[in-house]
Amino acid sequence: MTTVTTMCALRRGAWLGAGLLALGIGLSDGTMARSQHHQRPQAVEKAPPKQEAPDPIKGQQDRTPFTAAETATAKPEGLPGPLRFAGDDPAAYAKEIDAAKAARDPWLVISGGGENGAFAAGILSGWSQAGDRPTFGVISGVSTGALIAPFAFVGSRADGVLKQNYTEISAADVFEFGGTNAALTDTWPLKERIEKSVTPDLLKAIAAEHAKGRRLLVATTQVETERPVIWDMGEIASLATGPESKQYGEKALKLFREIVLASTAVPGVFPPVMIDAVTEGGKHIQEMHNDGGAMSPFYLAPAATLAGAPTGGGKLPASTVYLIMNNRLTPEFGLTPRTVLGVLGGTMSAAIKAQMQGALAITKGFAARTHLDLRVAEIDGRFDKVSPGPFDSRYMKALFEHGEALAKAGKAFPEAQIASPKGRSDNLKGAEALPLDDRTLAAR
């Protein structure tokens with residue numbers, strides 16, 4: 001389908017765009033679904049009949065059956081090592097972090113949020129211009145955060161790519177309407193963009209940083225197991241570009257791209273990604289992976305660790321974590337149309353915000369217990385623009401510039417009261433408060 005035809009389909013499918021936004025593609029905070037400034041169309045022109053597209057999920061109905069035990073020990077096909085761990089396993093998580101020599105440096109955690117990823121891209125650009133952007137020991141990304149994290153990992157030299165990716169695209173560069181048995185849309189445009197931007201040169205740069213003891217982590221959800229999977233992207237990049245690249249290069253590059261695409265695959269809206277794997281017994285299987293945000297809007301540590309469970313492990317090696325929430329967290333009033341999409345969109349908007357608020361509350365509790373300086377940037381009342389449609393370039397450019405300006409001024413992460421660990425108990429009674437700003441934390 002040409003770009004012109006795609007844009008016509010977008011206009012005819014404006015109602016579906018609203019549903020996509022509410023489900024996390026674009027304004028997953030529900031701005032379009034529940035804003036006072038936007039009304040969903042009550043009637044739409046019927047699209048002409050369209051021939052059913054071939055299902056991109058190869059072998060969907062003929063997949064080799066496998067068990068939970070088999071997939072637990074499976075490895076990506078044709079590559080050595082597991083290259084991943086279960087995101088809800090504290091022991092596996094601790095093993096990964098303990099092996100990262102730079103894990104004591106500040107961390108960067110980037111949430112999902114669709115087109116609102118322009119906020120994080122802008123913050124990174126402004127941070128570079130301010131001259132106090134840390135070199136992060138660990139960077140994690142979920143959903144749109146997975147698209148940003150690889151470029152954030154290599155530093156300010158990739159700021160221009162992020163700016164282009166989040167200010168010069170439209171919905172036609174991400175998906176087209178007309179789904180398959182697996183999803184409502186087809187994401188071949190996004191897949192092509194990933195293939196063009198995730199290059200061997202990028203992986204070579206990532207591998208070099210990985211060799212310094214830094215870690216790049218991306219989360220997907222394995223649908224069969226209903227568990228989060230955390231991928232060591234630096235290790236995959238090392239296989240793609242290292243001494244054994246002749247043997248593993250093409251497969252490692254392909255897997256890297258598949259993981260990024262899978263992490264953005266909103267269930268039922270974007271098609272899942274099938275990842276080829278081999279079990280310990282030599283059985284070839286296909287695992288279904290989709291949006292990492294289905295399990296959590298961002299990834300810092302296993303839930304048991306954050307919640308303080310006895311088996312959850314202890315504190316992080318880092319003293320400072322920067323968390324970028326590519327969403328609005330506050331409820332917004334709006335009259336919801338009494339239609340299927342209206343009810344679904346409004347309810348999903350509320351559910352997404354509740355999930356993010358809950359995850360943030362648990363993370364703040366963990367930070368308080370372990371004396372972690374947690375710095376949170378979010379899309380708050382300082383930005384009041386509303387997107388007229390999915391992946392609107394003018395909206396994304398404005399949001400990018402907003403994040404960029406905040407970071408340049410040292411205001412992206414509002415001043416917080418961080419409790420001093422001196423003489424305090426885990427319940428924080430009598431804690432001493434220390435106001436910190438961005439530059440103070442960056443210098444730590």
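Residues numbered from 1 in each chain as written. Predicted model: local features only at pLDDT ≥ 70, side-chain atom pairs only at ≥ 80, totals over all residues. Heavy atoms only, no water.

A.B. asks: Whenever I open this one, the overall build of the protein chain confuses me. Can you help?
C.D. replies: Check the secondary structure of the protein chain and you find 16 helices and 14 strands. Every one of the 444 residues in the protein chain was classed for burial, and the buried ones make up 54%. Restricting to contacts in the protein chain with at least 6 residues of sequence separation, those with at least 24 account for 78%. Carbon and sulfur atoms make up 54% of the accessible area of the protein chain, which amounts to about 19,400 Å² in all. (Helix = DSSP H or I, 4+ residues; strand = E, 2+ residues; numbered from the N terminus. Buried < 20%, exposed > 50% of the residue type's maximum accessible area, 1.4 Å probe, protein only. Contact = heavy atoms within 4.5 Å. Areas by Shrake-Rupley, 256 points an atom, 1.4 Å probe, with all protein chains shown as cover.)

A.B. asks: Mind showing me how you'd approach the confidence of the model for the protein chain here?
C.D. replies: Close inspection of predicted coordinates is inappropriate in any region flagged by low pLDDT. With 79% of its residues at a pLDDT of 70 or more, the protein chain shows a mean pLDDT of 82. Throughout residues 1-53 the model reports pLDDT below 50, and contacts reaching past four residues in sequence, or to other chains, amount to 116 contacts. (pLDDT = per-residue confidence, 0-100.)

A.B. asks: Explain helix α7 (residues 144-153) to me, please; I cannot follow it from the model alone.
C.D. replies: Two residues of an α-helix separated by three or four positions point the same way, owing to the 3.6 residues in each turn. Counting buried residues along α7, 9 of its 10 residues qualify, which places the element largely inside the surrounding structure. By the burial criterion, the buried members of α7 are Thr144, Gly145, Ala146, Ile148, Ala149, Pro150, Phe151, Ala152 and Phe153. Looking one or two residues beyond α7, the residue adopting positive phi is Gly155, at roughly 95°.

A.B. asks: What should I look at first to understand the pairing of strand β8 (residues 227-232) in this one?
C.D. replies: Put simply, side chains in a regular strand alternate between the two faces of the sheet. Within β8, 5 of the 6 residues are buried, which leaves the element mostly enclosed by the surrounding structure. The sheet contact formed by strand β2 (residues 84-86) and β8 spans 3 bridges and is antiparallel. Bridging from a neighbouring strand, Phe85 pairs with Ile230 of β8. Pairing of strand β7 (residues 215-222) with β8, which is carried by 6 bridges, proceeds in the antiparallel orientation. If you follow Thr221 over to β8, its bridge partner there is Pro228. (Pairing = 2+ DSSP bridges.)

A.B. asks: Just to check I follow, could you spell out the packing of helix α6 (residues 117-130) against helix α15 (residues 393-408) for this structure?
C.D. replies: Any two packed helices are characterised by how steeply their axes cross, that is the angle between the axes, and by the distance between the axes. Packing of α6 against α15 brings their axes to within 6 Å, and their N-to-C directions diverge by 35°. The element α6 and its partner α15 pack so that their crossing is right-handed. Of the residues in α15, those touching α6 at Ala118, Phe119, Ala121, Gly122, Ile123, Ser125, Gly126, Trp127, Gln129 and Ala130 are Met396, Leu399, Phe400, His402, Gly403, Glu404, Leu406, Ala407 and Lys408. When grouped by side-chain class, the residues that make up the contact of α6 with α15 number 11 nonpolar, 6 polar and 2 charged. (Axes fitted to C-alpha atoms, helices over the stretch in contact; angles between N-to-C directions. Left-handed = near helix turned anticlockwise from the far one by under 90°. Nonpolar A, V, L, I, M, F, W, Y, C, P; charged D, E, K, R; others polar.)

A.B. asks: Looking at this structure, I do not really get the packing of aromatic side chains. What am I missing?
C.D. replies: Centre-to-centre distance and the angle between the planes together describe a pair of aromatic rings. Under the definition given, this model contains 11 aromatic pairs. Taking the centre distance of 6.4 Å and the plane angle of 65° together, the rings of Phe175 and Phe391 count as edge-to-face. Of this pair, Phe175 sits in the loop between α8 (159-167) and β5 (176-177) while Phe391 sits in the loop between β12 (373-378) and α15, and the two are 216 residues apart along the sequence. Pair check on accessibility: Phe175 and Phe391 agree, each one buried. An aromatic cluster is built from Trp127, Phe136, Tyr322 and Phe413, whose rings are joined through pairwise contacts. Arg214 extends its terminal NZ or CZ atom over the ring of Phe153, reaching a point 4.2 Å from the ring centre. (Phe/Tyr/Trp six-rings, centres within 6.5 Å; stacked < 30°, edge-to-face > 60°. Lys NZ or Arg CZ within 6 Å of the ring centre and 35° of its normal.)

A.B. asks: I would appreciate a short explanation of the nonpolar core in the present structure.
C.D. replies: For soluble globular proteins, the rule of thumb is that nonpolar side chains tend to be buried together. Judged by nonpolar contacts, the single largest core of 75 residues is most densely connected at Leu108, Ile123, Ile139, Met233, Ile236 and Phe256. Among the elements that make up this core, the one with the highest residue count is helix α12 (residues 245-263) (9 residues). Not counting chain neighbours up to four residues away, the residues in contact with Phe256 comprise Pro150, Val198, Leu203, Ile206, Leu216, Met233, Ile236 and Ala237. (Core = buried A, V, L, I, M, F, W, Y, C linked by side-chain atoms within 4.5 Å.)

A.B. asks: In this structure, what is going on with the pairing of β7? I would like to understand it.
C.D. replies: For β7, the buried fraction is high: 8 of the 8 residues fall into the buried class. A two-sided burial pattern is seen for β7, the buried positions comprising Arg215, Leu217, Ala219 and Thr221 on one face and Leu216, Val218, Thr220 and Gln222 on the other. By the bridge criterion, 5 bridges tie strand β4 (residues 138-142) to β7 in an arrangement that is parallel. Residue pairing in the sheet places Val142 in a bridge with Ala219 of β7. Counting the residues that bridge the hairpin from β7 to β8 gives 4 residues, and of these Glu226 lies at a positive phi of roughly 60°.

A.B. asks: Can you walk me through unusual backbone geometry in this structure?
C.D. replies: A negative phi holds for most residues other than glycine; trans holds for most peptide bonds. Positive phi is not limited to glycine here, since Glu226 has a value of about 60°. One can find Glu226 in the loop between β7 and β8. With relative accessibility at 64%, the residue Glu226 sits in the exposed group. Residues other than glycine seldom take positive phi values, yet Phe391 does so here, at roughly 55°.

A.B. asks: Would you mind going over the pattern of salt bridges with me for this structure?
C.D. replies: Opposite charge on two side chains makes pairing possible when the charged atoms of those side chains draw close. Applying the stated criterion to the full structure yields 12 salt bridges. Linking Glu70 and Lys283 is a salt bridge whose minimum nitrogen-to-oxygen distance equals 3.1 Å. Placement of Glu70 in helix α4 (residues 68-72) and of Lys283 in the loop between β9 (273-278) and β10 (284-291) is noted, with a sequence separation of 213 residues between them. What makes Glu70 partly exposed here is its relative accessible area of 21%. (Salt bridge = Lys/Arg side-chain N within 4 Å of Asp/Glu carboxyl O.)

A.B. asks: When you look at the side chain of Asp186 in this model, what are you seeing that I'm missing?
C.D. replies: One can find Asp186 in strand β6 (residues 185-186). Note on Asp186: relative accessible area 18%, which makes it buried. Side-chain polar atoms of Asp186 contact the backbone nitrogen of Trp188, separated by 3.1 Å. Setting aside its immediate chain neighbours within four residues, Asp186 contacts Val174, Phe175, Glu176 and Gly178. (Polar contact = N/O pair within 3.5 Å; in protein donor to acceptor, adjacent residues only side chain to side chain.)

A.B. asks: Sorry, what's going on with the environment of Lys408 here?
C.D. replies: Residue placement: Lys408 occurs in helix α15. Among the residues examined, Lys408 registers a relative accessible area of 44% and is labelled partly exposed. As a C-alpha pair, Lys408 and Ser125 span 283 residues in sequence and 8.4 Å in three-dimensional space. Looking at Lys408, its side chain comes within polar contact range of the side chain of Gln129, at 3.4 Å.

A.B. asks: Would you explain the environment of Gly78 in this entry?
C.D. replies: Looking at the element boundaries, Gly78 is found in the loop between β1 (75-76) and β2. Expressed as a C-alpha distance, the spacing of Gly78 and Val278, which sit 200 residues apart in the sequence, is 8.2 Å. Contact partners of Gly78, with chain neighbours within four places excluded, come to Tyr248 and Lys251.

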